[in-house]
Amino acid sequence: KKKGSAKGRKQPVRLYSKGVILGYKGSKSNSYPTCTLLKIDGVRTRDDTQFYLGKRVAYVYKAKK
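Residues numbered from 1 in each chain as written. Predicted model: local features only at pLDDT ≥ 70, side-chain atom pairs only at ≥ 80, totals over all residues. Heavy atoms only, no water.

*Asks:* Before we move on, can you summarise the overall build of the protein with the specific residues and values?
*Replies:* When its secondary structure is counted, the protein shows one helix and two strands. The order of helices and strands in the protein, counted from the N terminus, is β-β-α. Sorting the 65 residues of the protein into buried and exposed places 3% on the buried side. Counting contacts in the protein only where the partners sit at least 6 residues apart, residues at least 24 apart contribute 6% of the total. Element-wise, carbon and sulfur atoms account for 53% of the exposed surface of the protein, whose accessible area totals about 7500 Å². (Helix = DSSP H or I, 4+ residues; strand = E, 2+ residues; numbered from the N terminus. Buried < 20%, exposed > 50% of the residue type's maximum accessible area, 1.4 Å probe, protein only. Contact = heavy atoms within 4.5 Å. Areas by Shrake-Rupley, 256 points an atom, 1.4 Å probe, with all protein chains shown as cover.)

Written out as structure tokens, the structure reads:
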């Protein structure tokens with residue numbers, strides 16, 4: 001018998017992706033503060049963005065002590 005086989009173990013699933021808030025959607029004269037533009041790590045093409053459309057965002061930051 002083999003101990004510690006990988007067959008019975010599952011990899012942990014990460015439920016979040018890191019990203020940066022770029023700003024609001026806008027044009028030359030208008031800005032839309034309800035539409036925020038995000039840059040998500042690991043997302044490079046328009047096809048990759050389909051998974052993230054409509055998902056919620058948590059704004060997490062470190063406060064000074």
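*Asks:* So what's going on with the confidence of the model for the protein? Residues and values would help.
*Replies:* Averaged over all residues, the pLDDT of the protein is 83; the fraction at 70 or higher stands at 88%. Ranking the elements of the protein by mean pLDDT puts strand S2 (residues 31-40) last, at 87, and helix H1 (residues 46-49) first, at 90. (pLDDT = per-residue confidence, 0-100.)

*Asks:* Outline the packing of aromatic side chains, supporting the account with residue identities and numerical values.
*Replies:* Inspection of every chain in the model, using the stated rule, returns two aromatic pairs. Aromatic side chains Tyr 59 and Tyr 61 sit 5.7 Å apart centroid to centroid with 35° between the ring planes, which places their arrangement in the tilted category. Above the plane of the ring of Tyr 32 lies Lys 25, whose end atom (NZ or CZ) is 5.7 Å from the centre. For Lys 55, the ring lying beneath its charged end belongs to Phe 51, and the centroid distance is 4.5 Å. (Phe/Tyr/Trp six-rings, centres within 6.5 Å; stacked < 30°, edge-to-face > 60°. Lys NZ or Arg CZ within 6 Å of the ring centre and 35° of its normal.)

*Asks:* How would you sum up the pairing of S2? Please name residues and give values.
*Replies:* Note: strand S1 (residues 19-26) against S2, seven bridges, orientation antiparallel. The residue of S2 that forms the bridge with Gly 26 is Ser 31. The antiparallel pairing of S1 with S2 creates a hairpin that spans four residues between the two strands. (Pairing = 2+ DSSP bridges.)

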